[in-house]
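The lines below spell out each chain.
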Amino acid sequence: MAASDLPALPGATRATLPLYPALAAADEDTMLQQYRMVLDLSPTPLLLCRPDGVIAMANDHLTTMFRHRPGSLDGLRIDLLVPEAARQHHPAQREAFLHRPAKRRMGAGRDLFGLTADGHLLPVEIGLEPLPVGPETWILATVLDISERKNGERRLRSALDSSASAMMLIDAAGRITLVNSAACTLAGAPEDDLLGRSVETFLPPALRKAHAVYRKSFGAEAEARAMGANRDLTFCRPDGTEVPVEIALTPIDGPDGTQVMATIVDITERLAHEAALNDRNEVLTQLNEELTQFAYSASHDLKAPLATIAGLLELALEDLDAGAEEDGRHAISEALQSARRNAAKVEAVLALARTGQQAEPPRDVALEPAIRGIWDDLTGSQSDPPVLTIQCLGDPVFRTNPQALLTVLENLLSNACRFRDPGKPDHWVNIRLDAGPNGLSVVVSDNGPGIAPEHREEVFSMFRTFATEGGHGLGLALVHKHLRRLGGTIRLESSPEGTDFHVFLPPPPVQKEPS
Amino acid sequence: MIPAIIVDDVLADRYIVRRRLSKSGAFCPVGEAQDGQSFLSTYLPQPGRSSLPEGNAPCLLLVDINMPGLNGFEMIEEMGRRLRDIPAPNPLVVMMFTSSDNPEDKRRAAEQPLICRYLLKPMTDAAVAQILQDYTARGYAG
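Residues numbered from 1 in each chain as written. Chains lettered and ligands numbered in written order. Predicted model: local features only at pLDDT ≥ 70, side-chain atom pairs only at ≥ 80, totals over all residues. Heavy atoms only, no water.

Engineer: When you look at a negative patch on the surface in this model, what are you seeing that I'm missing?
Structural biologist: Residue and element names in this part refer to chain A. Together, D27, E28, D29, D52 and E136 make up a region of like negative charge exposed at the surface. Tracing the backbone shows E28 in helix α3 (residues 28-41). Judged by relative accessible area, E28 falls into the partly exposed class, the value being 37%. (Patch = residues over 30% accessible without salt bridge, like charges linked within 9 Å, V, L, I, M, F, W, Y side chains within 5 Å. Areas by Shrake-Rupley, 256 points an atom, 1.4 Å probe, with all protein chains shown as cover. Salt bridge = Lys/Arg side-chain N within 4 Å of Asp/Glu carboxyl O. Lys, Arg positive; Asp, Glu negative; His and termini not counted. Charge placed at Lys NZ, Arg CZ, Asp CG, Glu CD. Helix = DSSP H or I, 4+ residues; strand = E, 2+ residues; numbered from the N terminus. Buried < 20%, exposed > 50% of the residue type's maximum accessible area, 1.4 Å probe, protein only.)

Engineer: Teacher, can you tell me more about unusual backbone geometry here?
Structural biologist: Both trends apply: most residues other than glycine have a negative phi, and most peptide bonds are in trans. The omega torsion of the bond from B:C28 to B:P29 falls at -5°, within 30 degrees of zero and hence cis. Across the junction of B:K121 and B:P122, the peptide omega takes the value 0°, indicating a cis bond. Tracing the backbone through its elements, the reader meets B:P122 in the loop between β5 (115-120) and α5 (125-137). Within the chain, A:R67 stands out as a residue other than glycine whose phi angle is a positive 65°.

Engineer: What am I meant to see in empty space enclosed by the protein here?
Structural biologist: The probe, sized like a water molecule, is rolled over the atoms to show the empty space still left. This structure, assessed with the given rule, holds 2 cavities of 30 Å³ or more. By volume, the second largest cavity amounts to about 30 Å³. Together, A:A307, A:T308, B:D13, B:I16, B:V17, B:F97, B:K121, B:P122 and B:M123 line the second largest cavity. Among the secondary structure elements, those contributing two or more residues to the lining of the second largest cavity are α11 (268-321) of chain A together with α1 (11-24) of chain B. Per-element tally for the lining of the second largest cavity: the top contributor is α1(B), with 3 residues. Residues belonging to the lining of the second largest cavity are distributed by class as follows: 6 nonpolar, 1 polar and 2 charged. (1 Å grid on protein atoms, 1.4 Å probe; cavity = no way out; pocket = protein on both sides within 12 Å on 5 of 7 lines; lining within 4 Å. Points joined across faces, edges and corners; volume = space filled by probe spheres on them. Nonpolar A, V, L, I, M, F, W, Y, C, P; charged D, E, K, R; others polar.)

Engineer: Explanation requested: the sheet that holds strand β14 (residues 387-392) of chain A in the structure shown.
Structural biologist: The strands making up a sheet associate through hydrogen bonds between their backbones, and the pairing can be parallel or antiparallel. Residue and element names in this part refer to chain A. The strand order β14-β16-β17-β19-β18 describes an open sheet built from 5 strands, whose pairing is mixed. Unpaired on one side and paired on the other, β14 and β18 (489-495) mark the two borders of the sheet. Across this sheet, the average inter-strand angle for adjacent strands is 10°, counted without regard to direction. Strand contacts of helix α14 (residues 402-418): β14, β16 (428-436), β17 (439-446), β18 and β19 (498-505), with the helix running at about 15° to β17, the strand carrying the most contacts. (Pairing = 2+ DSSP bridges. Axes fitted to C-alpha atoms, helices over the stretch in contact; angles between N-to-C directions. Contact = heavy atoms within 4.5 Å.)

Engineer: Help me understand the sheet that holds β5(B) in this model?
Structural biologist: Residues and elements named next belong to chain B. The strand order β2-β1-β3-β4-β5 describes an open sheet built from 5 strands, whose pairing is parallel. The two strands at the open ends of the sheet, each matched to only one other strand, are β2 (27-33) and β5. With direction set aside, neighbouring strand axes in the sheet form an average angle of 20°. Taken strand by strand, helix α3 (residues 72-83) contacts β1 (2-7), β3 (59-63), β4 (92-98) and β5, and its axis lies near 170° from that of β4. Each of β1, β2, β3, β4 and β5 touches α5; the most contacted strand, β3, lies at about 140° to it.

Engineer: I tried to follow the packing of aromatic side chains on my own but got confused; where do I start?
Structural biologist: We describe a pair of aromatic rings using the distance from one ring centre to the other and the angle between the two ring planes. All names here are of chain A. Evaluated as defined, the whole model comprises 3 aromatic pairs over all chains. Ring geometry for F202 and F235: centres 5.1 Å apart, planes at 10°, overall stacked. One end of the pair, F202, is in the loop between α9 (191-194) and α10 (208-221); the other, F235, is in strand β10 (residues 233-236), with 33 residues separating them in the sequence. Of the two residues, F202 and F235, neither departs from the other in class, the shared state being buried. (Phe/Tyr/Trp six-rings, centres within 6.5 Å; stacked < 30°, edge-to-face > 60°.)

Structure (structure tokens):
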């Protein structure tokens, strides 16, 4: 508020000013009586103070404002109304005013308080005006009670502080003039450290210059908007740490020109949440892709044998009608074989789909007996099975999900047993196990024909089979799925000399004991 | 007579086709390959060199899609590369022959200019009649 904005003092000032020369010459008592009348008529709290600091007169508005009885302040020292803290310097300040008397506001830029009769501090605004009384200059003081305004400010302040968003009011020069408590938390600094600081100090150094330009152009548009559309905004704390933020700008008109309220939201958590969602989304997309592939492959690969069977049976019917019993018999037996293979395939597909559905508790699996059992089942009907050797380097047992481990071993051994290189004189399969507290590693080696480099990536896909010996193309997909579920890994090394599958299974997670 | 080659990894499917073709009496000789790679090495061992059977009509090539190693589409692409230097007329009438009615497979077949028909398994007499009609439309008596 500028000095000229002080409330008009109709009776006291404007009306009396032209009278000054006359008054100076007039009888002092008459003059004081006239002043008294003017003060009493004024709706504004006023007092007239002598140069020595004694209150000559105060109107009722002022005395009651300070909780004194009307008329009781006259003749008392002005110090009575000055808070203790300011009292010591008050006479010197009064002297200074009288040395260069001019209408002005008291204590510009500071919060002023008056002391009431009951000892309360009253927030006030004080206007001072020199008044000639005879040869002396007295002081006419206008005192306004601003507690309501201060209360309003306090309410506004608590409203700002209750906001979860950081708020900073920035003036035209880019200085911070107001912050709420969330802003202090965001900046990691107390209010006093923030007020008066240039807002640019909270920007990444590379952007500070440009920001000053943006700020000026915003001042020119002065329309509420979000800041930095399509850009990632960063708030730099004084300690150098950076916080991702979103900022809204709102121009606020005030007595000192237009300022800008920046509302700043820390989006660290939101970004983390979004990242987590994206990760999950990626996993789901992958799963969905798997499912799509599964549905497509399953529908095609399960249908293909049915088409074969239908084709064979049509032929068989025609053959039987034509009396070609031999051909009919052949077609039917082919159809039967197809049907049997397909039934096994349906079982395998179901096994694959079921993987991971039931949570089986880990159990100790005796490794060598398990492998012998699988091998016997696989080779029982063969006249000339490959030679199996087992090397057990570590513990004889390993604790894991038994079904998963057995499925993995069964499929690897079945492949090793099935794919033989007819160009080699003898066929062997070697399995090397190393079980310990850190996990189980298994290497299944064979001296089969090997897997061509271009197929090594794809062997783990469903229904992908690269051999002409038959098989449903699901074995390694099943192995892969089981291992992935248990946190294990598989890789293969292959050459025309043979193939090594390296499997690793981690130990099972520690089960929590029920408390 | 129309020479024909069946490329399919399933023995029973090759048998069915062979029987259907032979029943019509219009196809001879009928060759077989159990996958794309063996078709290429048997009939088109290198670019510009063809040992495709020759007759008074272009050879019918029935190709399965899902096969180990090269699938049907991959095989046809490679075949196209190897056929490029062989002078016209085109020695082949290529038809996809599959149990897949997946739209993606049908789209891919439609986009491959070498493929002139998409037949669903199993092979029937009606399908063979269709093939013969296609040949008639091209001006071959079959």
